[in-house]
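# Architecture and fold: a report
Listed below are the residues making up each chain.
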Amino acid sequence: MDPSERRRNVVFVVGTRPEAIKTAPIIRALRDQPWARCRLIFTAQHRDLARPIFDFFDVRPDVDLDVMRPGQSLADLSNRLVVALHAALSREEPDCVVAQGDTTTVLAAALASYMLGTPFAHVEAGLRTYRLDAPYPEEANRVAASHLASLHFAPTSAARSNLLREGIPPESIHMTGNTGIDALFMAADREVPLQGLDPDSRFVLVTVHRRENLGEPLTRICEGIRKLHDRHPDVEFLWPVHPNPGVEPVVRAALGGLDRVRLISPLEYGPFVTAMKRAAFILSDSGGVQEEATALRTPVLVLRDVSEREEAVHCGVAKLVGDDPAAILHEGTRRLAEPRQPARTTDATSPFGDGRAAARIATILHRKLVVEAPAAVAV
Ligand code: UD1
Ligand code: UDP
């Protein structure tokens, strides 16, 4: 067979909910391309949260490594991931491994690819706070992944600049936009109802999961939400509680008795997008939610001291409030006093992307793996 006609093995590695959301558009863009053989390794770092995402986007894992353990430590998780991914990738013989973001799955995928001498392509490359403690451990994961990767898909010009400053070769960096915006547009196109919520109710949507917020900071965040709740008797709070065992007991102890604070299981992606569109504003420490809220133009108060998504702050949608109860009350009250513009569901001018990032990534992968390297595997 002419080597240029050989299908290239592109192996995606996904472990958690946000990776599933942000990788699905790329798999969908690539899987019908005649030159590519797409395979999806699901590490199941998130066993429950990621599965419904695959159903939503009609993407099926080919391999399930089943690594999640309740209350997993970073050391045990990292150990299981590197060993399992090294074995799985050896079997797959990839031309290129693709992973998105900064979770422990992504660092392990980059390490295992490096150990096998396989090119690693990093999606959402170049996000930085330059603080190894915030977000923890994501800042270290993404810095290390950048230096193990040979191809970098930077979502924004700020991310590209960060990579250049760290000495990453310019020709290996491609600014594509964030694939999370592609996913959001796909979901926003199909309005999914939000069960059990009065359609006329005014509510604040809350999510918290960052490791640096567990413990005392989470207690302070709950205190701020209680103050906001007490000040605004017409407002409800909808909080899909993250399954990390460090979250729920603290939140239930602090807010469980309040009628207008609804602590619910994590929402599937469709209803969650509906909730982001309808919320008066969002309180969150999530990375993806900052990007989505910006595209929807739903105000978001970020429960962190620093963010690698400064574009959200610069365009006026996001404000950092940390875990300070007084700031949560003050800024929350301000957001509730402002008229809420209707959510924009397909805002192609969002700083995080125009909804076409996955198509760009597919084109670049084709160029690197087929046009520029017809017989070999170099990226
Ligand atoms: C992980 C990522 C974080 C990412 C977040 C997205 C790491 C170290 N952390 O944080 O970067 O922003 O996912 O949500 O990579 N659990 C379940 N079911 C699930 C998922 C989690 O029960 O589907 C519970 C388990 O007890 C698990 C614990 O949550 O041990 C923590 O999961 P883990 O992936 O280690 O950390 P997250 O806080 O979810
Ligand atoms: N999300 C969801 N259901 C929820 C909460 C979040 O589908 O109940 C989605 C959200 O739209 C975003 C992603 O999960 O796309 C963010 O995941 P998370 O906050 O867990 O991780 P991060 O983005 O901070 O890494």
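In the block above lies the structure referred to throughout.
Below is a short write-up of the structure. Remember, predicted model here, so these are calculated numbers, not experimental data.

## Here we look at the overall build of the protein
Scanning the protein from terminus to terminus reveals 14 helices and 13 strands. A compact globule built from 379 residues should have a C-alpha radius of gyration of about 21 Å, and the protein, at 21 Å, falls within 12% of that. Here the C-alpha coordinates of the protein stretch approximately 70 × 40 × 40 Å along the principal axes. Scored against the burial criterion, the 379 residues of the protein give a buried share of 57%. Within the protein, contacts between residues separated by at least 24 positions form 69% of all contacts whose residues are at least 6 apart in sequence. Across the protein, the centroid of the 45 positively charged side chains sits 1 Å from that of the 49 negatively charged ones.

## Topic: the packing of aromatic side chains
Tallying each qualifying case throughout the model produces four aromatic pairs. Taking the centre distance of 5.1 Å and the plane angle of 85° together, the rings of F42 and F54 count as edge-to-face. With F42 in strand β2 (residues 36-42) and F54 in helix α2 (residues 47-57), the pair connects residues that are 12 residues apart, well separated along the chain. By relative accessible area, which is 3% here, F54 ends up buried. Where F56 meets F57, the ring centres are 5.0 Å apart and the plane angle is 80°; that geometry is what we call edge-to-face.

## Considerations on the pairing of strand β9 (residues 235-240)
Summarising burial for β9: five of the six residues are buried, a large majority. For strand β8 (residues 202-207) and β9, the ladder comprises four bridges, and the chain directions are parallel. Its bridge partner being in β9, R202 is matched across the sheet by V235. What joins β8 to β9 is helix α8 (residues 216-231), and the crossover it makes is right-handed. Looking at chain direction, β9 and strand β10 (residues 261-264) are connected through four bridges and run parallel. From the neighbouring strand, P240 faces β10, where its bridge partner is I264. The parallel pair β9 and β10 is bridged by helix α9 (residues 248-255), and the resulting crossover is right-handed.

## Things to note about the sheet that holds strand β6 (residues 151-154)
In spatial order, the strands read β3-β2-β1-β4-β5-β6-β7; together these seven strands make up an open sheet with parallel pairing. Single-partner strands in this sheet number two, and they are β3 (63-64) and β7 (173-175). Relative to β3, β2 runs parallel, the two being bridged by two bridges. Each residue of the ladder has a partner; that of I41, found in β3, is V63.

## Thoughts on the nonpolar core
Of all hydrophobic cores here, the largest spans 60 residues; its most connected members are L205, Y269, M276 and L365. The greatest single-element share of this core, amounting to seven residues, is contributed by helix α14 (residues 357-371). Here Y269 is in contact with I21, I53, F56, F57, G180, A183, L184, A187 and E292, once residues within four sequence places are set aside. Counting residues in hydrophobic clusters, the runner-up holds 28 residues, among them V206, F237, F281 and A327.

## With respect to the site of ligand 1
Lining the immediate environment of ligand 1, one finds 25 residues, of which H46, D48, R69, E138 and R211 sit closest. L49 is positioned such that a nitrogen or oxygen atom in its backbone is 2.9 Å from an oxygen atom of ligand 1. R69 places a main-chain nitrogen or oxygen 2.7 Å from an oxygen atom of ligand 1. In isolation ligand 1 offers 740 Å² of accessible surface; the protein chains occlude 94% of this area. Breaking the shell around ligand 1 down by element, the ones donating at least two residues are α2 and α3 (74-92). The class makeup of the residues in the shell around ligand 1 is nine nonpolar, 10 polar and six charged.

## What to know about the state of the cysteines
Where two cysteines share a covalent bond between their sulfur atoms, that bond is called a disulfide. Counted by the stated rule, this structure contains zero disulfides. As a non-bridged cysteine, C96 has C38 as the owner of its nearest cysteine sulfur, 11 Å distant.

## So, the sheet that holds strand β12 (residues 300-302)
Ordered by their spatial adjacency, six strands build an open sheet running β10-β9-β8-β11-β12-β13, and the pairing between neighbours is parallel. The strands lining the two open edges of the sheet, one partner per strand, are β10 and β13 (318-320). In this sheet, neighbouring strand axes are inclined to one another by 20° on average, regardless of whether the strands run parallel or antiparallel. Here α8 sits on the sheet and contacts β8, β9, β10 and β11 (281-284); the angle it forms with β9, its principal contact strand, is near 155°.

## Observations regarding the site of ligand 2
The immediate surroundings of ligand 2 are formed by 15 residues, with L267, S286, G287, G288 and E292 found nearest. In this structure, R17 approaches ligand 2 through a side-chain N or O atom, which is 2.8 Å from an oxygen atom. Between ligand 2 and L267 there is a distance of 2.7 Å, counted from a nitrogen atom to a backbone nitrogen or oxygen. When ligand 2 is considered free in solution it has 540 Å² of accessible area, and contact with the protein chains removes 94% of it. Elements that contribute at least two residues to the shell around ligand 2 include exactly α1 (17-30), α10 (269-278) and α11 (287-296). Classifying every residue of the shell around ligand 2 gives eight nonpolar, four polar and three charged.

Cut-offs used in this document
In this numbering scheme, every chain counts its residues from 1 along its sequence in written order. In the order they appear in the text, chains get letters beginning with A and ligands get numbers beginning with 1. The model is predicted, so local features are restricted to residues of pLDDT at least 70 and side-chain atom pairs to those at 80 or more, both for listing and for counting; the totals for chains, interfaces and linings are taken over all residues. Think of the side-chain values as coming from all heavy atoms in the structure, minus any hydrogens and water. For the purposes of this entry, the term helix denotes a DSSP run of H or I that reaches at least four residues, the term strand denotes a run of E that reaches at least two, and both are numbered from the N terminus. With C-alpha atoms as the basis for the radius of gyration, the globule rule is written as 2.2 Å multiplied by the number of residues raised to the power 0.38. The classification of residues rests on relative accessible area computed with a 1.4 Å probe and restricted to protein chains. Under 20% of the type maximum is buried, over 50% is exposed, and intermediate values are partly exposed. Residues count as neighbours in contact if any of their non-hydrogen atoms are within 4.5 Å of one another. As used throughout, the charge tally considers Lys and Arg to be positive and Asp and Glu to be negative, leaving His and the chain termini uncounted. Note on charges: their place is set at NZ of Lys, CZ of Arg, CG of Asp or CD of Glu. Each Phe, Tyr or Trp ring, with Trp reduced to its six-membered ring, pairs with another whose centre is within 6.5 Å; inter-plane angles below 30 degrees give stacked pairs, above 60 give edge-to-face pairs, and intermediate values give tilted ones. Between any two strands, pairing holds if DSSP finds at least two bridges. For a crossover, the right-handed case is the one in which the path from the first strand over the helix to the second runs clockwise, viewed with the strands pointing away from the viewer. We call a set of buried Ala, Val, Leu, Ile, Met, Phe, Trp, Tyr and Cys residues a nonpolar core when their side-chain atoms join them within 4.5 Å. Each residue is tested against the molecule or strand, and it is near if at least one of its non-hydrogen atoms lies within 4 Å. Any pair of N or O atoms that falls within 3.5 Å is considered a polar contact. Within protein, one atom must be able to donate a hydrogen and the other to accept it, and sequence-neighbouring residues count only if both atoms are side-chain atoms. Only the protein chains shown count as cover for residues, and all accessible areas are computed by the Shrake-Rupley method using a 1.4 Å probe. The classification used treats Ala, Val, Leu, Ile, Met, Phe, Trp, Tyr, Cys and Pro as nonpolar, Asp, Glu, Lys and Arg as charged, and all other residues, Gly among them, as polar. A pair of cysteine sulfur atoms is labelled a disulfide when the two atoms are within 2.5 Å. Interaxial angles span 0 to 180 degrees and are taken between N-to-C directions of axes, which are lines fitted to C-alpha atoms, for helices over the stretch in contact.

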